[in-house]
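# Structural characterization, general
The chain contents come next:
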Amino acid sequence: MLLTMALLGQAEPAAAPETRASFAEWLDGVRSEALTRGIRQDILDQALGSIDEPLPIVIERDRTQAEVVLPLETYISRRLTPRFLSTGKQMFARHRAMLEAVEHRYGVPGSVIASIWGIESNFGRFSGVRPTIPALATLAWDRRRATFFRRELFSALEILNRRDIEPARMRGSWAGAMGQPQFMPSSYLEFAEDYDGDGRRDIWNTPGDIFASVANYLKGHGWVTGQLWGREVKVSREVARRVASTVARREGSCQATRDMTVELPLDGWQRLGVRTMSGSALPKADITASLVAGSSRYFLVYRNYHALLQYNCAHAYALSVALVSDRLRR
């Protein structure tokens, strides 16, 4: 699962054709730049010494991300299985005290934290086994999003340089996302928390650090305490046509942002014909919302939803987190 990637599904502009250095020569350039950034030679030897060539499986996975390839409704149905939700309720109950304490400190609901934790690592059961540095080196070498992943590669080397984790234990997803929250290295450097105060920001094994890091990330990306993420709504075909012809789309660097409408007040959506799932009028509240449309399901999303998109910029992902959190909260 990709995490913390605002560029999900978005390729960088194509560069002009040029003669390309070999992977070995490119890696030598990484080594040289890392030394100028203050990364120690012994760290570079440990982290890069065993990398001989790019990993084809990583390139393949980058081209077939589930959040981008699968239809919205299909992805959600595969995520919100009875077994997953049952496990979620059990784990939420087991860690309720700590989740409530983290919620009190950061203002992010424990149900949202637990939902992200569950979707990213199956509630701590699996957070990836692929060595992070070779995966990031492969994606930084690949031209599709080279600039983004080169930054992440240097961030990962900085984490090793700080001795936050040993090179052999720095493992995660094919995309370089690490630990149970599946933080990209740059997000780790900015948002990972040492909640238990032991001097280490351990997002791999320590529940308090894991939960607090997720909460700190969402808070840092604009989560507003006391507000909901949004709600599923009923939209008839006629209303859908009316919305498509009269309500503009948002602008942004992320495809998911462009695939939603601009914000309107709830009474504006009411006038357009959007209703609650029970068919009643939308609540009267001084709040604005955007409409996210699948092929058969529709959602009005509020400002906090955008924090979820910052975690992973795909509606399939953000809505799955939101809907699971609602189930856990109930």
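Residues numbered from 1 in each chain as written. Predicted model: local features only at pLDDT ≥ 70, side-chain atom pairs only at ≥ 80, totals over all residues. Heavy atoms only, no water.

Moving on: the state of the cysteines. Taken as a whole, this structure holds 1 disulfide when the rule is applied. Here Cys 254 pairs with Cys 313 through a disulfide, and the sulfurs are 1.5 Å apart. One disulfide, between Cys 254 and Cys 313, carries an S-S torsion of -95° and so falls in the left-handed class. One end of the pair, Cys 254, is in the loop between α13 (237-246) and α14 (255-258); the other, Cys 313, is in the loop between α16 (303-311) and α17 (315-329), and 59 residues separate them in sequence. Taken as a pair, Cys 254 and Cys 313 share a single burial class, namely buried. (Disulfide = S-S within 2.5 Å. Helix = DSSP H or I, 4+ residues; strand = E, 2+ residues; numbered from the N terminus. Buried < 20%, exposed > 50% of the residue type's maximum accessible area, 1.4 Å probe, protein only.)

Let us now look at the packing of helix α8 (residues 110-121) against α17. It is at 8 Å that the axes of α8 and α17 come closest, and there the two elements cross at 125°. The angle between the axes of α8 and α17 places the two elements in the oblique class. Seen from above, α8 lies across α17 with right-handed handedness. In contact with Ser 111, Val 112, Ala 114, Ser 115, Ile 116, Ile 119 and Glu 120 of α8, α17 contributes Tyr 317, Ser 320, Val 321, Val 324, Ser 325, Leu 328 and Arg 329. Of the residues that constitute the contact of α8 with α17, the class distribution is 8 nonpolar, 4 polar and 2 charged. (Axes fitted to C-alpha atoms, helices over the stretch in contact; angles between N-to-C directions. Parallel < 35°, antiparallel > 145°, perpendicular 65-115°, else oblique. Left-handed = near helix turned anticlockwise from the far one by under 90°. Contact = heavy atoms within 4.5 Å. Nonpolar A, V, L, I, M, F, W, Y, C, P; charged D, E, K, R; others polar.)

Once that is clear, we can look at the sheet that holds strand β7 (residues 298-301). With antiparallel pairing, the 5 strands of this open sheet are ordered in space as β4-β6-β7-β3-β5. With one partner strand each, in any of the chains shown, β4 (264-265) and β5 (275-276) form the two edges of the open sheet. Pairing between strand β6 (residues 288-293) and β7: 4 bridges, direction antiparallel. Counted as the bridge partner of Ala 293 is Tyr 298 from β7. (Pairing = 2+ DSSP bridges.)

Throughout the structure, instances matching the rule amount to 15 aromatic pairs. An angle of 65° between the planes, with centres 6.0 Å apart, marks the rings of Trp 26 and Trp 141 as edge-to-face. Of this pair, Trp 26 sits in helix α1 (residues 23-36) while Trp 141 sits in helix α9 (residues 132-141), and the two are 115 residues apart along the sequence. Across the pair, Trp 141 and Trp 26 agree in class, each one buried. (Phe/Tyr/Trp six-rings, centres within 6.5 Å; stacked < 30°, edge-to-face > 60°.)

Now for the packing of helix α3 (residues 56-63) against α9. Packed helices, taken two at a time, are described by their axes: the angle between them and the distance between them. The contact between α3 and α9 brings their axes to 9 Å, and the two run at 65°. Of the possible angle classes, the one that applies to α3 and α9 is roughly perpendicular. Along this stretch, α3 crosses α9, giving a crossing that reads as right-handed. Residue-level contacts link Val 58, Ile 59 and Asp 62 of α3 to Ala 135, Thr 138 and Leu 139 of α9. Grouping the amino acids of the contact of α3 with α9 by side-chain chemistry returns 4 nonpolar, 1 polar and 1 charged.

Here the focus is the pattern of salt bridges. Applying the stated criterion across every chain, the model contains 17 salt bridges. The salt bridge involving Arg 145 is made with Asp 62; its shortest N-O contact spans 2.2 Å. Of this pair, Arg 145 sits in the loop between α9 and α10 (146-161) while Asp 62 is found in helix α3, placing the two residues 83 residues apart along the sequence. What emerges from the salt-bridge pattern is a single network uniting Glu 33, Arg 37 and Arg 150. (Salt bridge = Lys/Arg side-chain N within 4 Å of Asp/Glu carboxyl O.)

This part covers the pairing of β7. Walk down a regular strand and you will see the side chains alternate between the two sheet faces. Neither face of β7 is left uncovered, since the one carrying Tyr 298 and Leu 300 and the one carrying Phe 299 and Val 301 both have all their residues buried. Both strand β3 (residues 230-234) and β7 contribute to a ladder of 4 bridges, which runs antiparallel. If you follow Val 233 over to β7, its bridge partner there is Tyr 298. Between the antiparallel neighbours β6 and β7 lie 4 residues.

One ladder, built from 2 bridges, connects β3 with β5; its direction is antiparallel. For Val 233, the partnering residue across the bridge sits in β5 and is Thr 276.

This part takes up the nonpolar core. If you look at the biggest cluster of nonpolar residues, it comprises 91 residues, and the most contacted ones within it are Trp 26, Ile 116, Ile 133, Leu 218, Tyr 305 and Leu 308. By residue number, the principal contributor to this core is α17, which donates 9 residues. Beyond its immediate stretch of four places on either side in the chain, Tyr 305 contacts Trp 229, Met 260, Val 292, His 315, Ala 318 and Leu 319. (Core = buried A, V, L, I, M, F, W, Y, C linked by side-chain atoms within 4.5 Å.)

A separate point is unusual backbone geometry. A positive phi angle, close to 50°, is found at Asn 122, a residue other than glycine. With respect to the helices, strands and loops of the structure, Asn 122 is situated in the loop between α8 and β1 (130-131). On the basis of relative accessible area, Asn 122 is assigned to the partly exposed category, the value being 31%. Residue Arg 163 is not a glycine yet carries a positive backbone phi of 60°. Looking at where Arg 163 falls in the secondary structure, it is placed in the loop between α10 and β2 (171-172).

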